[in-house]
Amino acid sequence: PVDDLIGTPVDTLVYGTGMGQTFLYDTKVGYRFGEKADPHNHGLVWWRAAENLTSALERGLDPFKIVVDRAHEKGLRVLGSIRINDGGAPEGSNYSVGKLKYENPDVMIGGEYPDNPSVATALNFAREDVRQERLAAIEEVCDRYGADGVEIDEYIRVFFKPSEIQQNIPILTQWMRDVRALLDGIGKKQGRELSLAIRVH
């Protein structure tokens with residue numbers, strides 16, 4: 001994806017770091033994509049992506065590091081795009097449900113929402129452990145991998161129980177301040193300024 005941009009006016013690559021709460025690199029804060037998929041129970045494209053990731057890592061090739069290093073070599077910036085919340089319950093064979101849900105199923109919002117069933121299995125951002133785990137993913141992308149910032153992909157646009165949205169807006173606002181402060185701290189350590197982008201539907 002980097003070489004396709006060489007010679008074009010594009011100067012920044014926004015690169016998807018994972019699927020749901022799993023990651024397409026050798027993460028230390030969560031599960032790799034496909035790590036909990038046993039047995040395989042999805043389409044071929046899911047299996048192939050997981051096998052490709054496993055094979056690359058076993059050979060010492062970390063896809064995200066390769067992209068970041070190549071982009072920097074060619075004078076391009078890379079933002080790691082993180083799907084910040086997603087539905088999906090920690091049961092059975094699963095490609096995209098993260099470590100936090102498996103270890104603490106109560107981090108999910110819970111309840112029943114006929115108009116939007118994915119709300120029940122989304123992470124509840126009213127919880128401190130959820131917000132901290134999401135910050136850890138952002139830190140990994142920018143500090144350990146050297147990305148030039150992050151794009152927060154809100155994806156399902158769910159953060160709280162529907163009945164608690166209004167009262168919890170300040171929590172989400174503060175979390176965004178925490179993200180900015182984290183990036184500023186990493187940037188200061190690295191001697192550069194990191195970007196924060198948000199995908200807006």
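Please refer to the structure higher up on the page.
What you are looking at is a predicted structure, and each value in this text was computed from that prediction instead of being measured.

Draft legend 1. Structural context of the overall build of the chain. If you tally the helices and strands in the chain, you get 5 helices and 7 strands. Computed over its C-alpha atoms, the radius of gyration of the chain comes to 17 Å, within 12% of the 17 Å expected for a compact globule of 201 residues. Structurally, the chain occupies a C-alpha span of about 50 × 40 × 30 Å along its principal axes. Burial statistics for the chain: of 201 residues in total, 43% are counted as buried. Total accessible area on the chain stands at roughly 10,400 Å², and carbon and sulfur atoms take up 51% of it. Of the charged side chains in the chain, 24 are positive and 31 negative, and the gap between their average positions amounts to 3 Å.

Draft legend 2. Structural detail: the packing of aromatic side chains. Counted by the stated rule, this structure contains 11 aromatic pairs. Ring plane angle 40° and centroid distance 5.2 Å describe the contact between Phe 33 and Tyr 95, whose orientation is recorded as tilted. Of this pair, Phe 33 sits in the loop between strand S4 (31–32) and helix H1 (44–58) while Tyr 95 sits in the loop between strand S5 (77–83) and helix H3 (99–103), placing them 62 residues apart in sequence. With respect to class, Phe 33 is no different from Tyr 95; both count as buried.

Draft legend 3. Seen up close, the sheet that holds strand S2 (residues 18–19). The mixed open sheet is built from 3 strands, whose spatial order is S2-S3-S4. Only two strands of the sheet have a single neighbouring strand rather than two, namely S2 and S4. Strand direction decides the pairing type here: strand S3 (residues 22–23) and S4, joined by 2 bridges, are parallel. Paired with Thr 22 across the two strands is Tyr 31, which belongs to S4.

Draft legend 4. Representation of the nonpolar core. Core analysis: the biggest nonpolar cluster contains 36 residues, and Phe 64, Ile 84, Phe 125, Ile 138, Val 141 and Trp 175 have the highest contact counts within it. Mapped onto this core, the elements with two or more residues apiece are strand S1 (12–16), helix H2 (63–73), S5, helix H4 (128–144), strand S6 (149–153) and helix H5 (165–190). In this structure, Ile 138 is in contact with Ile 82, Ile 84, Val 150, Trp 175, Val 179, Leu 182 and Leu 183, ignoring residues within four places of it in sequence.

Rules behind the numbers
- Residues numbered from 1 in each chain as written.
- Predicted model: local features only at pLDDT ≥ 70, side-chain atom pairs only at ≥ 80, totals over all residues.
- Heavy atoms only, no water.
- Helix = DSSP H or I, 4+ residues; strand = E, 2+ residues; numbered from the N terminus.
- Rg over C-alpha atoms; globule rule 2.2 N^0.38 Å.
- Buried < 20%, exposed > 50% of the residue type's maximum accessible area, 1.4 Å probe, protein only.
- Areas by Shrake-Rupley, 256 points an atom, 1.4 Å probe, with all protein chains shown as cover.
- Lys, Arg positive; Asp, Glu negative; His and termini not counted.
- Charge placed at Lys NZ, Arg CZ, Asp CG, Glu CD.
- Phe/Tyr/Trp six-rings, centres within 6.5 Å; stacked < 30°, edge-to-face > 60°.
- Pairing = 2+ DSSP bridges.
- Core = buried A, V, L, I, M, F, W, Y, C linked by side-chain atoms within 4.5 Å.
- Contact = heavy atoms within 4.5 Å.

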